[in-house]
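# Geometric and topological summary
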Amino acid sequence: MLVDNLEKINQEIQLACQKAARSDNDVTMIAVTKSVEKDTAKKLAELGIENMAENRVDKLLEKKMALEDFPSIKWHLIGNLQRRKVKSIINEIDYFHALDSFKLAEEIQKRSVKQISCFVEVNITGEESKHGLKSEEVIDFIHQLASFDKIKIIGLMTMAPLDASEQVLRDVFSKLKKLQSAINNLHLSYAPCTDLSMGMSNDFPIAIEEGATFVRIGTAIFRGA
Ligand SMILES: *Cc1c(COP(=O)(O)O)cnc(C)c1O
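Below: a short report on this structure. As the structure is a computational prediction, the values presented were derived from the model and not from experiment. (Residues numbered from 1 in each chain as written. Predicted model: local features only at pLDDT ≥ 70, side-chain atom pairs only at ≥ 80, totals over all residues. Heavy atoms only, no water.)

### Describing the layout of surface pockets
- Here the largest pocket defines a volume of roughly 560 Å³.
- Looking at the largest pocket, it is lined by 28 residues, and the ones nearest its centre are Lys34, Met159, Leu162, Met200 and Arg216.
- A class-by-class count of the residues in the lining of the largest pocket yields eleven nonpolar, ten polar and seven charged.
- Of the volumes computed, that of the second largest pocket is approximately 270 Å³. (1 Å grid on protein atoms, 1.4 Å probe; cavity = no way out; pocket = protein on both sides within 12 Å on 5 of 7 lines; lining within 4 Å. Points joined across faces, edges and corners; volume = space filled by probe spheres on them. Nonpolar A, V, L, I, M, F, W, Y, C, P; charged D, E, K, R; others polar.)

In structure tokens form, the structure reads like this:
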């Protein structure tokens, strides 16, 4: 059942916060609905879920339309965004988690009617298969965004390697945390960089212990439901 899964996830979030002496108010769970149909997303909304994510533009638009009775839901685009699709989505979302190029930032600046909260996606391990900037590129990239008044860099996002050991996960998450703190310490008005989008079904308790403020959870919500 969805309710039971949500309850269990909530408990795990609280436990991880306790372990790390953090307040659970500082951690937002985003429900990733890419693997389920509209009706299931709707059930989540009825259960009070306030943050929903999709990794594809068309799917997000479809879910958002189906959930128009829930106008307070915050919509997160967590997947890679092609420049030609920016126009159709950028004014429909509240958060974009995968900013990783200057050209994409230019297009967002051009098409957005309001300021949008963005995460810069970072590829901490440098795996070729992954999206995101390399760690050493991130600070220069953020400096390049100074004149873009439609883009607010609220934090950094990463995807940890699948099936990594706990030690590797901690290493990845703590590296992202370090980079986030370094950017936060630059005190750039357009890049407060206070947040960390990291942690998925398999690794969110560890991500929270290492400082995650947004966890993106799919499978664990829908298991057996
Ligand atoms: C699918 C997805 C998630 C959720 O993954 P689960 O393992 O199902 O929790 C989180 N982040 C991104 C970017 C995703 O594409």
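What follows continues from the structure just given.
### Side note on the pattern of salt bridges
- Enumeration over the complete set of coordinates arrives at eleven salt bridges.
- The residue Asp149 makes a salt bridge to Lys150 at a minimum N-O spacing of 3.9 Å.
- Through salt bridges with shared partners, a single network forms among Lys19, Glu166, Arg170, Glu209 and Glu210. (Salt bridge = Lys/Arg side-chain N within 4 Å of Asp/Glu carboxyl O.)

### Some points on the packing of helix α2 (residues 38-46) against helix α3 (residues 57-66)
- Remark: α2 packs on α3, axes separated minimally by 10 Å, with the N-to-C direction vectors making an angle of 55 degrees. In terms of orientation, α2 and α3 fall into the oblique class. Handedness of the α2/α3 crossing: right-handed. Every residue of α3 that contacts α2 at Lys38, Ala41 and Lys42 is listed here: Glu62, Lys63 and Ala66.
- A class-by-class count of the residues in the contact of α2 with α3 yields two nonpolar, no polar and four charged. (Axes fitted to C-alpha atoms, helices over the stretch in contact; angles between N-to-C directions. Helix = DSSP H or I, 4+ residues; strand = E, 2+ residues; numbered from the N terminus. Parallel < 35°, antiparallel > 145°, perpendicular 65-115°, else oblique. Left-handed = near helix turned anticlockwise from the far one by under 90°. Contact = heavy atoms within 4.5 Å.)

### Description of the pairing of strand β5 (residues 116-121)
- For β5, the tally of buried residues reaches six of six residues, placing the bulk of the element in the interior.
- What you see with β5 is no split at all: Ile116, Cys118 and Val120 on one side and Ser117, Phe119 and Glu121 on the other are buried throughout.
- Direction of pairing for strand β4 (residues 95-99) relative to β5: parallel, over a ladder of three bridges. Note that in β5 the partner of Phe96 across the bridge is Cys118.
- After leaving β4, the chain enters helix α5 (residues 102-111) and then returns to the sheet as β5, a path that is right-handed.
- As paired strands, β5 and strand β6 (residues 151-157) are joined by six bridges and run parallel to one another. Bridging from a neighbouring strand, Phe119 pairs with Gly155 of β6. (Buried < 20%, exposed > 50% of the residue type's maximum accessible area, 1.4 Å probe, protein only. Pairing = 2+ DSSP bridges. Right-handed = clockwise from strand over helix to strand, strands pointing away.)

The values reported here are purely geometric and, on their own, carry no functional implication.
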